[in-house]
Each structure stands twice: as C-alpha cells, then as structure tokens.
Amino acid sequence: LKEEDVSSIDLAFSKKKADDRKEWLGAFQPGTYLDPTLTDIPISEFINKELILFSMADNVRSIPSVMDGFKPVQRKILYACYKRNLKDEIKVSQLQGYISEHTGYHHGEASLMQSIIGLAQDYVGSNNLNLLIPHGGFGSRAAGGKDAAAARYIFTELSKITKKIFNPLDNPLLKYLQDDEQTVEPEWYTPVLPMLLVNGCEGIGSGWSTSIPPFNPIDIIENIRLLMKGEEMKEMLPWFRGWEGTITRELNKDRWRLEGKIEEIDDNTLEITELPARMWTITMKEFLLNGLAGSDKQKAWIKDMEEDHGVGVKFIVKLSDEEMEKSRRTGLLERFKLISTISSSNMVAFDPNCKIKRYSNVNEIIQDYYYIRLDFYQKRKNYMVKE
C-alpha cells in the first residue's frame, strides 16, 4: 500500500472523516472516469475516479431537490403518469412496469413499487399531501406503512390536486434528461408550492444525509405571499395532517418537542388518545405489553391494557395505586414515552443548480425555490404568447 492509498481508504470509509468526505464530493468534476487501458489500478485512483461516481450517484438517489422535493424515482413516477395521461385507476404493479419501460429505471422493482406506495399513503404521519390516490391497502398508522398489501392487489390514480400543483403547462419549459438516447424525466419540476416542505423528506447518502420536517401548506402559502410583498416571512411550526398532539419549540432554535395525549379517567385508569407524530401504534403496543408482562430486568408494572382504536388511537391502561403514584411523580408523558423531538438542523437538498446545499432554516428553502418559480411564470407566459 502506498501512502496516498491509505489516506484515500481512510477518506472514503472512516467514520471520523465525514466532513472531509463532504469536501471530497463537493470538489467532484463531472467527466471524471478511470483510464480503461490500465491493467493495474492504484487504490487511490480507484477511490478518486470510480468510487466517487458511486458516492455521487448514491447522493442523487437519496437526497431530494429543493425545487420539487422529489428524489429521481418519485420524479420518474410523476413523469410516467403524465406521459401515460393517467386518468383512471391502475394496478400498482402495472404502473411499475410502465415506469420501468418509459423512464430508464435501472434499479430493483421492489424499491420502485415502494416509492409508488409512498406517494399514495395518506395515514397520519405519512404525506401531508399525497399526489396519488390509494385504492386498497397502502399501509396504515399501525405499522408506519409497513403493512401495505402486495403491489399486485392495490390500485392507484393521480389525485385531482396533483395537476394543480404540478401544472402540465410548465412541462414544455423543463430541462429533460437523456438516458441511452431515450428522453426521460426532467432535472426537476416546478410545483406551485415547495413540496419539499409540504411532505418533508429523509434520506442517507454518502457523506451526506438529510432530515426535513413537514409543514402546513397554508403556512407556506402565507410566507410566499409575504415574500411577494417584500415583507419578512413568519416562523413556521412542523405540521402533520390529522395529528392532534401538541408541538412546541425547544430552547434550542432548531428543535421541536412533540407530545401525545394521556388523561386520567379515574384513580387507577389512564387513556392514551394520541401518540407523538411518526410513533406507530405497534411501537406503543409493544411498550405497554412489555410493561404488562415484565422481563428479567424490570418487573411488570401495568395491571391491564386494552385497545379501543377507532379512526385514531386509544389505549386504556390500568395501574395499581403504587404505580399510579409513581407515574404521577415521573410525569405521565415521560413514563409512557409520549414525547419525541424533531429537528431542522440537518436540512440538506440539491439546490436549483443541482449542487448539494445545507439549509440553515426553512425560509431559506422557500427563497431558493421562490425565485426560480417566479422566473418560470414569466417563461410560461412567453411560451404561451409565442405558441
């Protein structure tokens, strides 16, 4: 091993070199490739000219664009739905075949089906605004969508609001990508709202990861209107459609505290009627059952537990006098793990120029999106006048 080989391996794989990896990827020059005539490939050459291509491709697949909030697979799904002029419901497995054929999709079909299902999910904690309509078992809040039926049994179609958000009149103006002489999806779409903030996003790439909370579309619209008037934008709280817990900002500027709901019905009975957002019903059930059964490390502390879920969540828990007193002292929310936090300290996305960028606050994302979208209204007008 040469000295530069050791430092290259360290750069590519060491946990301590995450920040150096960001710089390494930031300095990537398009058109980099290994000399195909080489018979012996030095390790440093392989890492800097071959592995870097994988790392860049991994980030493109894992990190969304600030313009439309999509990763490439979601963009391919919308492109295929528009190309097919999807008006009626279609089986998810059938749609998956059409997308693979018409958008140059090179990865596993299971992940494509999962992405279609993900765009249609509408339970609490999934999408604030689902672009596809779910017909059948697309997963539920009970298991965080992992209980979705097989793709051959469920159907979907475009939601009516999708064409209002992603207006087809913008389509001729977009920059479409090429894949082996086939025209595929655009670089990004220009929705009328920054969809990255509407549904939020999470992803882990190479050197970079991202976690963006979802916000209320009405708050986002209000901020865009303030921006149009040249006024200061307001601070927004994360929002989950249909969730009834409470959300408060912690002392730290970029963290929020999410709380479920628990009430005392009588001296020994508690009722849990809401969980922290994105805590699934099955997680709480397992926690309560462990408290009921006990283990080697902890004796049983719950006397009885019932489930009575309707549209929302409802657990009825019975405790002894001693455990009830202990729960009051600890705090009911704390003892029943009904508190979680959500952070905006790692908001990373591809900016309009397709460069990875870390955003320090939510309003910065709105601004990056806003000026490009504004420009596209003028472009659309010019195009329609010319036509």
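Placed above this text is the structure.
Heads up: these notes are all about the structure in this document.

## Description of the pairing of strand β11 (residues 269-274)
With respect to burial, β11 is a largely interior element, five of its six residues being buried. Linking strand β10 (residues 261-266) back to β11 in an antiparallel pair, the connection comprises two residues. Bridge count for β11 against strand β13 (residues 315-318) is four bridges, and the pairing is antiparallel. When the bridges of β13 are listed, T269 appears paired with K318.

## Brief notes about helix α9 (residues 217-228)
Here α9 contains twelve residues, and its C-alpha end-to-end distance of 16 Å stays within 8% of the 16 Å for a straight helix at 1.5 Å per residue. Among the structural elements, α8 (195-199) and α13 (362-386) are those in contact with the buried residues of α9. Between the side-chain oxygen at the start of α9 and the backbone nitrogen of I218 there is a gap of 3.0 Å, and the oxygen is on N216. Backbone geometry just downstream of α9 places G230 in the positive-phi region, at approximately 80°.

## As for the sheet that holds strand β9 (residues 255-259)
Spatially, β8-β9-β14 is the arrangement adopted by the three strands of the open sheet, whose pairing is antiparallel. At either margin of the open sheet sits one strand with a lone partner, and together these are β8 (246-249) and β14 (339-343). In this sheet, adjacent strand axes meet at a mean angle of 25° when their direction is disregarded. Pairing between β8 and β9: four bridges, direction antiparallel. Bridging across to β9, R249 finds its partner in W256.

## Quick look at the sheet that holds strand β3 (residues 155-158)
Spatially, β1-β3-β2 is the arrangement adopted by the three strands of the open sheet, whose pairing is antiparallel. Each edge of the open sheet is held by one strand with a lone partner, namely β1 (90-91) and β2 (132-135). Here four bridges tie β2 to β3, and the two strands are oriented antiparallel to one another. Along β3, the bridge assignment pairs P134 with T156. Of the strands in this sheet, β2 and β3 touch helix α6 (residues 109-120), which is tilted by about 100° from β2.

## Notes on the pairing of β13
Consecutive side chains along a regular strand alternate between the two faces of the sheet. Of the strand pairs in this sheet, strand β12 (residues 304-307) and β13 are connected by four bridges, and their pairing is antiparallel. Residue pairing for β13: M305 is matched across the bridge by V317.

## Comments concerning a nonpolar patch on the surface
On the surface, L1, V6, I9, F13 and I43 cluster together to form a nonpolar patch covering roughly 490 Å² of accessible area. Per-element tally for the nonpolar patch: the top contributor is helix α1 (residues 3-13), with three residues. Within the secondary structure layout, F13 lies in helix α1.

## Here we look at the nonpolar core
By size, the foremost hydrophobic cluster in this structure holds 65 residues, and its most contacted members are I77, I116, L132, F166, L197, I220 and I366. When residues of this core are traced back to their parent elements, those giving at least two are α4 (72-83), α5 (92-103), α6, α8, α9, β9, β15 (347-350) and α13. The leading source of residues in this core is α4, at seven residues. Every residue in contact with I366, bar those within four places of it in the chain, is listed here: P194, L197, I220, N223, I224, L227, M233 and M236. Counting 20 residues, the second largest nonpolar core, distinct from the first, contains L288, L319, L333 and F336.

## Overview of the packing of aromatic side chains
Summed over the entire model, instances satisfying the criterion amount to ten aromatic pairs. Between Y79 and Y176, the aromatic rings sit 6.1 Å apart at their centres with planes inclined by 55°, giving tilted as the arrangement. Taken together, the residues span a long stretch of sequence, with Y79 in helix α4 and Y176 in strand β4 (residues 176-179) at a distance of 97 residues. Among the residues examined, Y79 registers a relative accessible area of 12% and is labelled buried. Residue classification places Y176 among the partly exposed positions, given a relative accessible area of 28%. A ring pair is formed by F215 and W256, whose centres lie 6.3 Å apart and whose planes are at 80°; its orientation type is edge-to-face. Here F215, found in the loop between β7 (209-212) and α9, pairs with W256, found in strand β9; they are 41 residues apart in sequence, far enough to count as distant. In this pair, the class of F215 matches that of W256, namely buried.

## Details of α6
If you check α6, its first and last C-alpha atoms are 17 Å apart, about what twelve residues at 1.5 Å a residue would give, namely 16 Å. For α6, every residue scored as buried is listed here: L112, M113, S115, I116, I117, L119 and A120. Of the surrounding elements, those touching the buried residues of α6 are α4, α5, β2 and β3.

What counts and what doesn't
Residues numbered from 1 in each chain as written. Predicted model: local features only at pLDDT ≥ 70, side-chain atom pairs only at ≥ 80, totals over all residues. Heavy atoms only, no water. Buried < 20%, exposed > 50% of the residue type's maximum accessible area, 1.4 Å probe, protein only. Helix = DSSP H or I, 4+ residues; strand = E, 2+ residues; numbered from the N terminus. Pairing = 2+ DSSP bridges. Expected span 1.5 Å × (residues − 1). Contact = heavy atoms within 4.5 Å. Polar contact = N/O pair within 3.5 Å; in protein donor to acceptor, adjacent residues only side chain to side chain. Axes fitted to C-alpha atoms, helices over the stretch in contact; angles between N-to-C directions. Patch = residues over 30% accessible without salt bridge, like charges linked within 9 Å, V, L, I, M, F, W, Y side chains within 5 Å. Areas by Shrake-Rupley, 256 points an atom, 1.4 Å probe, with all protein chains shown as cover. Salt bridge = Lys/Arg side-chain N within 4 Å of Asp/Glu carboxyl O. Core = buried A, V, L, I, M, F, W, Y, C linked by side-chain atoms within 4.5 Å. Phe/Tyr/Trp six-rings, centres within 6.5 Å; stacked < 30°, edge-to-face > 60°.

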